[in-house]
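What follows is each chain in one-letter form.
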Amino acid sequence: MKQNVLETERLILRTYDADDLITLHAILSDPVTMQYWPAPFTQEGSQQWLNNNMKRYETHGFGRWAMVSKSSGQIIGDCGIVVAELDGQLENDLGFIVAKEFWGKGFATEAAEACKQFGFQQLGLKRLCANMAFDHHASRRVIEKIGMTKEKEYINARNRNILTFLYAIKKN
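Described in the following lines is the structure provided in the data block. For every chain, the first residue of the written sequence is number 1, and numbering continues from 1 along that sequence. Given that the model is predicted, a residue must reach a pLDDT of at least 70 before its local features are reported, and side-chain atom pairs must reach 80 or more before they are shown or counted; all residues, however, enter totals for whole chains, interfaces and linings. Excluded from the side-chain calculation are hydrogens and water; included are all heavy atoms of the structure.

## Some details on the packing of aromatic side chains
For Phe, Tyr and Trp, rings pair up if their centres lie within 6.5 Å, where Trp contributes its six-membered ring, and each pair is then called stacked (planes under 30 degrees apart), edge-to-face (over 60) or tilted (otherwise). Considering all chains together, one arrives at 5 aromatic pairs under this definition. With 5.7 Å between their ring centres and 75° between their planes, tryptophan 37 and phenylalanine 41 make a pair best called edge-to-face. Working definition: with a 1.4 Å probe on protein chains only, accessible area under 20% of the residue-type maximum means buried, over 50% means exposed, and in between means partly exposed. The buried category is assigned to phenylalanine 41, whose relative accessible area is 15%. When the ring of tryptophan 65 is compared with that of phenylalanine 118, the centres are 5.4 Å apart and the planes differ by 90°; the resulting orientation is edge-to-face. With tryptophan 65 in strand β3 (residues 64–69) and phenylalanine 118 in helix α3 (residues 107–121), this residue pair connects regions lying 53 residues apart in the sequence. Strands are runs of DSSP state E lasting at least 2 residues, helices are runs of H or I lasting at least 4, and numbering of each runs from the N terminus.

Here it is, written out as structure tokens:
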């Protein structure tokens, strides 16, 4: 069952359900949208992404959520927080994916800021991280806009052994 979790000026972030697979897969399988990931997702990979997040809602009370445009009602991406291993440490990882046709419109920043506030205020988290490929300049700008600073660089075995930047922010 879909539940709205967060609302911003232009977006609703809501839980996924099984009905979202086709739309989610269209985003996650797009080679341009997913160019900084190890590879675009297969149908099975998108199904696993959906299943993993629905399980996270039950176990952690949070996960990645569907990013829905208020004006169209369309899923335009994905944003949220997951507990993930980043360079050998378990971290609260803030991440986002925006479908390529919606790039450059501020949606990622709007969603990431809302998730950051949710993480600190509603979930009581003390620290959030974000990681991205060294050459993913748009993601770096988003994360910097919401106040995160680069903490370190590492070779990411989970993403083609490429140089990866880890950004973090602590609750004030």
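## Topic: the nonpolar core
Take the buried residues of types Ala, Val, Leu, Ile, Met, Phe, Trp, Tyr and Cys, join any two whose side-chain atoms come within 4.5 Å, and each joined set is a nonpolar core. Residues Leu13, Trp65, Met67, Cys79, Leu94, Ile143 and Met148 are the most contacted members of the largest nonpolar core, which totals 48 residues. In contact with leucine 94, not counting residues within four places along its chain, are Cys79, Gly80, Ile81, Ala112, Cys115, Lys116, Cys129, Ala130, Ile146 and Met148. Membership of the second largest hydrophobic core comes to 5 residues, among which are Leu86, Cys129, Tyr154 and Leu166. Note on definitions: a residue-residue contact is assigned when non-hydrogen atoms from the two residues lie within 4.5 Å.

## Quick word on the pairing of strand β2 (residues 11–14)
A two-sided burial pattern is seen for β2, the buried positions comprising Leu11 and Leu13 on one face and Ile12 and Arg14 on the other. At least two bridges found by DSSP between two strands are what make those strands a pair. In terms of strand pairing, strand β1 (residues 4–7) meets β2 through 3 bridges, oriented antiparallel. Counterpart to glutamate 7 in the pairing with β2 is isoleucine 12. Connecting the antiparallel pair β1 and β2 is a turn made up of 3 residues. The pairing of β2 with β3 spans 4 bridges and is classified as antiparallel. Following the sheet pairing, leucine 13 is matched in β3 by methionine 67.

## Focus: the side chain of threonine 33
Along the chain, the position of threonine 33 falls in the loop between α1 (21–28) and α2 (43–59). The class of threonine 33 is buried, set by a relative accessible area of 9%. In this view, threonine 33 contacts Ile27, Ile97, Val98, Ala99, Lys100 and Trp103; residues no more than four positions away in its chain are not counted.

## Brief notes about the pattern of salt bridges
Working definition: two side chains of opposite charge can pair if their charged atoms are close together. Salt-bridge detection follows one rule: a side-chain nitrogen of Lys or Arg within 4 Å of a carboxyl oxygen of Asp or Glu. Per the counting criterion, the structure on display carries 13 salt bridges. Its salt-bridge partner being glutamate 91, residue arginine 127 comes within 3.0 Å of it at the nearest N-O pair. Of the two residues, arginine 127 is situated in strand β6 (residues 127–133) and glutamate 91 in strand β5 (residues 89–98); the sequence distance between them amounts to 36 residues. By relative accessible area, glutamate 91 is classed as buried at 11%. Residue glutamate 113 pairs with lysine 116 through a salt bridge whose shortest N-O separation is 3.3 Å. With a gap of 3 residues between them, glutamate 113 and lysine 116 both fall in helix α3, about one helical turn apart. Here the salt bridges share partners, and the residues they tie into one network are Lys2, Arg14, Asp17 and Asp20.

## A few points about α2
By this rule the span expected of a helix is its residue count minus one, scaled by 1.5 Å. Its 17 residues give α2 an end-to-end C-alpha distance of 24 Å, which sits within 8% of 24 Å, the value for a rise of 1.5 Å per residue. Listed in full, the buried residues belonging to α2 are Ser46, Trp49, Leu50, Asn53 and Tyr57. Seen end-on, α2 carries its buried residues on one side only, within an arc spanning 95°. In α2, the exposed residues that point more than 90 degrees away from the buried face are Glu44, Lys55, Glu58 and Thr59. If you follow the buried residues of α2, they end up packed against α1, β3, β4 (75–86) and β5. In the segment just after α2, glycine 61 is the residue with positive phi, at about 85°. Directions drawn from the helix axis to the C-beta atoms are what define this arc.

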